[in-house]
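Residue-level structural notes
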Amino acid sequence: MRATGCLCLAWSLVLSANTLLSQERPQAFVGARIIRIEADEIDSGVLVIEKGKIVAVGAAGEVQIPDGANKVDVAGRVIMPGLVDTHSHIGGSGGLGGADGSGPIQPGVRIYDSINVHDSGFKRAVAGGLTTLNIMPGSGHLISGQTLYAKLRLANPKPKKIDQFFIVDSDGAPMGGLKMANGTNSQHEPPFPGTRGKSAFLVREQYIKAREYQDKIVRAAGDPAKLPPRDLNLEALVEAMRGKRIVHHHTHRHDDIMTVLRLAQEFNLHVVLHHVSDGWKVADEIAAAHVPCSVIVIDSPGGKLEARYARFETGGILEKAGVLTAFHTDDWITDARVFRRSAALAVRAGMSRAGALKALTLAGAEMLGLDKRIGSLAPGKDADFAILENDPLSVYCKTLETWVEGVKVFDRGDPTDYLYAVGGYGAGHDQSPYLCCFDDADTGGAR
Amino acid sequence: MSRSPFRSLVCCFVVATLTCSTASAQVAIRGKTIYTMAGAAIEDGVVVIQDGKITAIGQANQIAVPPAFRVLEAKVVTPGLIDAHSTVGFSGILNHAHDQDQLERSAPIQPELRAIDAYNAQEDLIEWIRSFGVTTIHAGHAPGELMSGQTLVAKTFGKTASAAVIVESRAVAATIGPAAQKSGAKSPGTRGKTMAMLRAELIKAREYREKQQRAAAAGEKGEPPARDLRLETLGRILSGEQPLMITNHRAQDIASALRLAKEFEIKIWLDGASEAYLLIDDIKAAGVPVIVHPTMARAFGEHDNLSFETAAKLVAAGIPVALQSGYEAYVPKTRVVLFEAAVAAGNGLKFEQALRTITIDAAKILGIDARVGSLEVGKDGDVALYDGDPFEYTSHCVGCVIQGRVVSEVVR
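Residues numbered from 1 in each chain as written. Chains lettered and ligands numbered in written order. Predicted model: local features only at pLDDT ≥ 70, side-chain atom pairs only at ≥ 80, totals over all residues. Heavy atoms only, no water.

1. Description of the sheet that holds strand S2 (residues 42–50) of chain B
All names here are of chain B. The following threshold applies: Pairs of strands are assigned from DSSP output, requiring at least two bridges between the strands. Under the DSSP-based scheme used, a helix requires at least four consecutive residues in state H or I and a strand at least two consecutive residues in state E, with every element numbered from the N terminus. A fitted line through C-alpha atoms serves as each axis, taken over the contacting stretch for helices, and the angle formed by two N-to-C directions is quoted from 0 to 180°.
Within the open sheet, the 7 strands sit side by side as S3-S2-S1-S4-S14-S15-S16. Their pairing is mixed. Of all strands in the sheet, those bounded by a partner on one side alone are strand S3 (53–59) and strand S16 (405–408). Strand-to-strand twist of the sheet, defined as the mean angle between neighbouring strand axes without regard to direction, takes the value 35°. As paired strands, strand S4 (residues 70–79) and strand S14 (residues 383–386) are joined by 4 bridges and run antiparallel to one another.

Below, the structure written as structure tokens:
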């Protein structure tokens, strides 16, 4: 055992050295078409990264390649920022994680206490060019818990704990939002609500309680004798009201969307509307409230009443109304490997190319409050990007490599990575067989 | 129910109206590129459809379009697409108990359930898939029980089931694997029991058939067994008249299906078949076609080893392959087979190979290639029109024609 331990240590030192090397020495990717997002696409560009950050990006000849840089010829390829998925359920092997069936409101529950980092979904996500995920609990509760903003640092060393995916805030805490839902998914038998009116009431009641909790803390002015007992549920709601936690709100129908907007106004919540099947019906109202939308693109309308009017046009209609618009996979609902397709189908139905590409990257970053760090290719930002064959909106596009913070996390040329990219025997191990909405027959009884 | 004279009158009127409007649907479709699926693509071509059938196809400068024909134009023209396995028309858009007719759960073996008695020809999702160029579907009872019922072939247009359907009973749907296993006495709980139950039922049907045959041979004196709709249906499988479509995913279940086909000398179609790439030689030797799962199907449960490249691997081995939209339990309520073929085209299938899996090869497997699947004189005038590569996400389907009738002009 001891010998093995030493070997492992030695090996990890080698790996760390490699990591250091790849991060310390500048690398210049030369000749690709570069999709920067915040500026025009460059036909033949240069991307220079160093120590996990982008140091320069621009047209060939205009960018100074540092001495000693490792030059990589990527002529004929396309480079774009790593995709940001604002709504994912990857990592929940054996279940969605988050709150349990004991009640409809459980904001104190953290999704990162239930994520399996060995879930093969992470491998598939980087194969799709994704680099950042908002991993969420499900929509079966009014408030199902705290979400996690995860960086897919899958290489050198391979992740063993969820901590390796954390993006920490200035206090050193892992960043995430708060998952909420309204409409039919969160309606069940008591103690869950059975109607929309009750759903909204239960949520308002909790936020009012949280406001009073916060007032007590303020009034206590640090006096332990006057402080209320610590309440993890109310704490999370206070964080939401103070803007520290963005509320990611599942909502489909037009009236449910309006309910979220009312709630956001009443409690001063920074809210992102998720799915928004009916968003096209109330686009102007959403725009007037300055609330962003993360849209799901699915192959047909229906599957439930609320998604009856889901359309490929939603992204374009919201864009034209001036709403900040992103897409998400809702992985397992859609597969992260084909995430780019969501943007392409939106373009098919009228969205602008620039808007659709932004909706896969920077817009999502903004919805997570991470747009200063990720979402576009600009100096100073994290070196999170994908090298592609063919245009990202084409069905013939393939992710060749995915990089996170200057480290390659996916290489289509590697046989293992290739297996996860296309599937095949063994590719499905360590996966989540169960989602909220499938019963035994649908999952092949494989819960 | 008594037939009132008034009722007959109404029927006659409806028939007359339909015949009239079909007769007036004379249409020609010009395409920059026409993929006929019967020989090389035609550049600057035209398809002429008269009274619902293709009467001429070729280069536009060599074919005169009769005057007064409506002329449609598109960059790319293909045969109307065929979805080799769908549940559209059975599994409704709302996903509520009352619009879900794809699976009867009262018993594990019910091949006697006819698809035509459950098909909702006006279901909203039919319009949806038609707007992407899908003109023919093979649909019916879904996977999830050992033998869930029969399937049919329908055009994606027609007010009633009888107007839309072109093959009333095509196959019997069976499922091998965990999806058909349940606790309790009625359904099998294991793979071994699954096969024992299927074999027992086919043996019963064989004995019934033998009784029928003996009675027929005895002529007037023969006493045929009492009619049994279930055993009659299975008799059509034993006679080779109808195939058993077996949905399964694990390699071991595919092997069981092949064993069953050999034992009873029946025709089977493998459906789903996520791990088919592990048994290519066996499937090929058995001469069995595969209706491959939707390319983008979710990789969990018994499908967890599925691959984007399965269709490409099977086609390369010379196995007949069709693609499908499959059954969806939640959102999306249906997939679009065009998109599933598109992803297969992005993962190893050449363009025309991928197109074959949703046109002529699907038609051949389903036994409907005399009518549909390619653009040839004498075949149904079923045509899909696109403004670019039909597989590209950003192209649009700009029209859809079924039997000479322009049934969709939405740009989608």
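Here the narrative resumes.
2. Overview of the interface of chain B and chain A
Quite often, the size of an interface is put as the accessible area lost when its parts meet. Applicable threshold: The contact criterion used throughout is that any non-hydrogen atoms of two residues lie within 4.5 Å. In this description, buried area is defined as the sum, over both parts, of the accessible area (probe of 1.4 Å) that is lost when the two are combined. Salt bridge criterion: a side-chain nitrogen from Lys or Arg within 4 Å of a carboxyl oxygen from Asp or Glu. Throughout, the ten residues Ala, Val, Leu, Ile, Met, Phe, Trp, Tyr, Cys and Pro are labelled nonpolar, Asp, Glu, Lys and Arg are labelled charged, and all others, Gly among them, are labelled polar.
Contact residues are listed per partner, giving 54 residues for chain B and 47 residues for chain A. Of the roughly 4,400 Å² buried at the junction of chain B and chain A (both faces included), carbon and sulfur atoms supply 60%. When residues of chain B are sorted by the area they lose upon contact with chain A, Phe 300, Tyr 330 and Tyr 393 of chain B head the list and together hold 19% of the total. Put simply, Arg 308 of chain A and Asp 124 of chain B hold a salt bridge, and the shortest N to O gap is 2.5 Å. Elements represented by at least two residues in the side of chain B that touches chain A include exactly helix H2 (124–130) and helix H9 (337–345) of chain B. Sorting elements by how many residues they give to the side of chain B that touches chain A places H9 of chain B first, with 6 residues. Tallied by class, residues from the side of chain B that touches chain A come to 29 nonpolar, 12 polar and 13 charged.

3. Topic: the packing of helix H2 (residues 120–127) of chain A against helix H11 (residues 415–422) of chain A
Residues and elements named next belong to chain A. Applicable threshold: Orientation is classified from the angle alone, with under 35 degrees giving roughly parallel, over 145 giving roughly antiparallel, 65 to 115 giving roughly perpendicular, and any other angle giving oblique.
Across the interface, H2 lies against H11 with an axial gap of 8 Å and an inter-helix angle of 90°. As far as their axial angle goes, H11 and H2 are roughly perpendicular. Contacts between H2 and H11 involve Ser 120, Lys 123, Arg 124 and Ala 127 from the first element and Asp 417, Tyr 420 and Ala 421 from the second. Within the contact of H2 with H11, the residues separate by chemical class into 3 nonpolar, 1 polar and 3 charged.

4. What to know about the confidence of the model for chain B
Where we set the bar: Per-residue confidence from the predictor is reported as pLDDT, which spans 0 to 100.
Confidence along chain B averages 94 in pLDDT terms, with 94% of residues attaining 70 or more. Predicted confidence is poor over residues 1–24 of chain B, with pLDDT under 50, and the contacts of this stretch with residues over four places away or in other chains come to 5 contacts.

5. Details of the nonpolar core
Put simply, the rule is: Within this scheme, the nonpolar core is defined by two criteria: the residues are buried Ala, Val, Leu, Ile, Met, Phe, Trp, Tyr or Cys, and they are joined through side-chain atoms within 4.5 Å. Burial classes: relative accessible area under 20% of the type maximum marks a residue as buried, over 50% as exposed, and values in between as partly exposed (1.4 Å probe, protein chains only). What marks off one domain from the next here is an automatic or database domain assignment.
If you look at the biggest cluster of nonpolar residues, it comprises 177 residues, and the most contacted ones within it are Tyr 207 of chain A together with Tyr 119 of chain B. For this core, the element with the most residues is H9 of chain B, which contributes 8 residues. Summarising the domain contributions, this core has at least three residues from each of domain 1 (21–79 + 374–412) and domain 2 (81–372) of chain B. Once you skip the residues sitting within four places of it in the chain, Tyr 119 of chain B turns out to touch Val 88, Gly 89, Phe 90, Ile 126, Ile 137, Leu 152, Ala 154, Lys 155, Ala 161, Ala 164 and Val 165 of chain B.

6. Here we look at unusual backbone geometry
In this model, Pro 190 of chain A is joined to Pro 191 of chain A through a cis peptide bond whose omega is 10°. Here Pro 191 of chain A is to be found in the loop between strand S10 (178–181) and helix H3 (196–220). For the bond from Asp 331 of chain A to Trp 332 of chain A, the omega torsion is 15°, close enough to zero to count as cis. Along the chain, Trp 332 of chain A falls in the loop between strand S14 (325–328) and helix H8 (339–348). The backbone phi angle of Asp 44 of chain B is positive, close to 50°, even though this residue is not glycine. Along the chain, the position of Asp 44 of chain B falls in strand S2.

7. Quick notes on the pairing of S2 of chain B
All names here are of chain B. Bridge analysis of strand S1 (residues 27–34) against S2 gives 7 bridges, and the strand direction is antiparallel. Counted as the bridge partner of Gly 31 is Gly 45 from S2. Examined bridge by bridge, S2 and S3 share 6 bridges and lie antiparallel to one another. By the bridge assignment for S3, Val 47 is matched with Ile 57. Linking two consecutive strands that pair antiparallel, namely S2 and S3, is a turn of 2 residues; a positive phi of about 50° is found at Asp 51 within it.

8. A few points about the environment of Thr 295 of chain B
All names here are of chain B. Structurally, Thr 295 is set in the loop between strand S12 (290–292) and helix H8 (310–316). Between the C-alpha atoms of Thr 295 and Leu 323, which are 28 residues apart in sequence, the distance is 8.0 Å. Each residue touching Thr 295, except ones within four places of it in the same chain, is listed here: Phe 308, Leu 323, Glu 340, Val 343 and Ala 344.

9. Remarks on the domain arrangement of chain B
Residues and elements named next belong to chain B. Once the domains are mapped, chain B shows domain 1 (21–79 + 374–412) and domain 2 (81–372). Taking only C-alpha atoms, the centre of domain 1 and the centre of domain 2 are 30 Å apart. Across the contact, 25 residues belong to domain 1 and 30 residues belong to domain 2. Overall, the association of domain 1 and domain 2 removes approximately 2,400 Å² of surface from exposure, summing both partners, and the carbon and sulfur fraction of that is 65%.

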